[in-house]
Amino acid sequence: MIPQTEIELENWMKLNCYNFDSYSINGNFIWEGLGIEKNGPIFRWYYIERGEKNTLEIFRTEKEIIQFAYNQLIADKWANSHCIGFGFNKNEAEELANILKNSDIDYVQDEIPYSINTSAYRTYVFGCDIQNVENLKIKYYKESK
């Protein structure tokens, strides 16, 4: 069933384990990303970055903006991604990848520059697989070196 209201969209996102880090649905705060805002009878689809909010689309009904937002969400691979691994040790990243492979869980890993001569390794799982592996964050998610 396709959501028809903002509350239904929020509940659908929760049920399907989407994250709210980059999407403001039903008023949750985000630092950066896309969201829905009601201004009188008008619904705005906006993008916010560094505190600057820009309207991308305007809708006259809640049903229209919810349909639009839903389509955006299902088209965005990263909308239901969950970072469970972040660290600086390549061997630990490979260890985490092996655990996920053996558990038959889809994941994506990447290596990004962190500082001079230092890379960070990130690991993402998708959808409700997060419920089965969230405990791995304790060992494999390190915020600083």
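All of the points below concern the structure found in this document. Fair warning: this is a prediction, and the values are worked out from it, not measured in the lab. (Residues numbered from 1 in each chain as written. Predicted model: local features only at pLDDT ≥ 70, side-chain atom pairs only at ≥ 80, totals over all residues. Heavy atoms only, no water.)

### Some words on the environment of Glu-134
Consideration 1: Inspection of the secondary structure assignment puts Glu-134 in the loop between α4 (130-133) and α5 (137-140).
Consideration 2: With 124 residues separating them in the primary sequence, Glu-134 and Glu-10 have C-alpha atoms 21 Å apart. (Helix = DSSP H or I, 4+ residues; strand = E, 2+ residues; numbered from the N terminus.)

### Description of the pattern of salt bridges
Consideration 1: On inspection of all chains with the given rule, the structure shows 6 salt bridges.
Consideration 2: The partner of Arg-44 in a salt bridge is Glu-37, and the shortest N-O contact between them spans 2.7 Å.
Consideration 3: For Glu-92, the salt bridge goes to Lys-142, with nearest N and O atoms at 2.6 Å. Of this pair, Glu-92 sits in helix α3 (residues 90-102) while Lys-142 sits in the segment after α5, and the two are 50 residues apart along the sequence.
Consideration 4: Salt bridges here are not isolated pairs; linked through shared partners, they connect Glu-37, Arg-44 and Lys-53. (Salt bridge = Lys/Arg side-chain N within 4 Å of Asp/Glu carboxyl O.)

### Focus on the sheet that holds strand β1 (residues 23-24)
Consideration 1: Strands sit in the order β1-β2-β3-β4 across an open sheet of 4 strands; the sheet is mixed. Where the open sheet ends on each side, the last strands, each with one partner, are β1 and β4 (52-59).
Consideration 2: When strand β2 (residues 33-39) meets strand β3 (residues 42-49), the two strands line up antiparallel, connected through 7 bridges. The residue of β3 that forms the bridge with Leu-34 is Tyr-47.
Consideration 3: Contacts between helix α2 (residues 62-75) and the sheet are confined to β1, β2, β3 and β4, with β3 contributing the most and set at about 35° to the helix. (Pairing = 2+ DSSP bridges. Contact = heavy atoms within 4.5 Å. Axes fitted to C-alpha atoms, helices over the stretch in contact; angles between N-to-C directions.)

### What about the packing of helix α1 (residues 6-15) against α2?
Consideration 1: Two elements in contact, α1 and α2, have axes separated by 9 Å at closest approach and are oriented at 20°. The orientation of α1 with respect to α2, classified from their angle, is roughly parallel. Between α1 and α2 the crossing geometry is right-handed. Residues Glu-6, Leu-9, Trp-12 and Met-13 of α1 touch α2, and the partners they reach there are Glu-62, Ile-66, Ala-69, Tyr-70, Leu-73 and Ile-74.
Consideration 2: Tallied by class, the residues present in the contact of α1 with α2 amount to 8 nonpolar, no polar and 2 charged. (Parallel < 35°, antiparallel > 145°, perpendicular 65-115°, else oblique. Left-handed = near helix turned anticlockwise from the far one by under 90°. Nonpolar A, V, L, I, M, F, W, Y, C, P; charged D, E, K, R; others polar.)

### Here we look at unusual backbone geometry
Consideration 1: One non-glycine residue, Cys-17, lies in positive phi territory at about 60°.
Consideration 2: Its place among the elements puts Cys-17 in the loop between α1 and β1.
Consideration 3: Phi is positive for Asn-26, which is not a glycine, with a value near 65°.
Consideration 4: You can see Asn-26 is positioned in the loop between β1 and β2.

### So, the nonpolar core
In a soluble, globular protein the nonpolar side chains are often hidden away together inside.
Consideration 1: Formed by 17 residues in total, the largest nonpolar core has its most connected members in Leu-9, Tyr-23, Ile-36, Trp-45 and Leu-73.
Consideration 2: Here this core gets 5 residues from one element, more than from any other, and that element is α2.
Consideration 3: Once you skip the residues sitting within four places of it in the chain, Leu-73 turns out to touch Leu-9, Trp-12, Met-13, Tyr-18, Tyr-23 and Ala-79.
Consideration 4: With 10 residues, the next largest nonpolar core counts Ile-84, Leu-100, Val-125 and Tyr-140 among its residues. (Core = buried A, V, L, I, M, F, W, Y, C linked by side-chain atoms within 4.5 Å. Buried < 20%, exposed > 50% of the residue type's maximum accessible area, 1.4 Å probe, protein only.)

### A short note on the state of the cysteines
Consideration 1: Applying the stated criterion across every chain yields a total of 1 disulfide.
Consideration 2: Covalently, Cys-17 is tied to Cys-128 through a disulfide, its sulfur atoms 2.1 Å apart. Of note, the bridge from Cys-17 to Cys-128 carries an S-S torsion of about 95° and is right-handed in sense. One end of the pair, Cys-17, is in the loop between α1 and β1; the other, Cys-128, is in the loop between β7 (118-126) and α4, and 111 residues separate them in sequence.
Consideration 3: Looking at Cys-128, the relative accessible area reads 31%, which means it is partly exposed.
Consideration 4: Cys-83 takes part in no disulfide bond, and the closest cysteine sulfur, belonging to Cys-17, lies 16 Å away. (Disulfide = S-S within 2.5 Å.)

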